[in-house]
Amino acid sequence: MPPVFTNEYPALTIFLTSNFGKIIQKYGSRGARFAIIDIGIIVENFYLVSTALDLGM
């Protein structure tokens, strides 16, 4: 049976940031898309790990 979380507030909050100016300077018009794809990969890995450890998300 999965754990039941009754807290109203999250135990952990993660903020992901990106320096779009620097990325666009290096990769041009595709830079913003690369940054968003990278952030999506990071969030997916957080989700997979939290599910594997049965932490919930």
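Preceding this paragraph is the structure being described.
Residues numbered from 1 in each chain as written. Predicted model: local features only at pLDDT ≥ 70, side-chain atom pairs only at ≥ 80, totals over all residues. Heavy atoms only, no water.

**Here's the deal with the environment of F46**
Our working rule: Secondary structure elements follow DSSP: runs of H or I no shorter than four residues count as helices, runs of E no shorter than two count as strands, and numbering proceeds from the N terminus.
When you line up the elements, F46 lands in helix α2 (residues 31-52). Along the backbone, F46 and I14 are 32 residues apart, and their C-alpha atoms lie at a distance of 10.0 Å.

**Comments concerning the packing of helix α1 (residues 20-27) against α2**
For clarity, the threshold we go by: Note on method: axes are straight lines fitted to C-alpha atoms, helices fitted across the in-contact stretch only, with angles between N-to-C directions ranging 0 to 180 degrees. Each angle receives one of four descriptions, namely roughly parallel if under 35 degrees, roughly antiparallel if over 145, roughly perpendicular if within 65 to 115, and oblique otherwise. Handedness of each helix crossing follows the sense of rotation of the near helix against the far helix: counterclockwise by less than a right angle gives left-handed, clockwise gives right-handed. By definition, residues are in contact when any of their heavy atoms lie within 4.5 Å.
At their nearest, the axes of α1 and α2 sit 8 Å apart, and the two run at 120° to each other. On the basis of the axis angle, α1 is oblique to α2. Relative to α2, α1 is oriented so that their crossing is right-handed. Here F20, I23, I24 and Y27 of α1 lie close against α2, whose contacting residues are G31, A32, F34 and A35.

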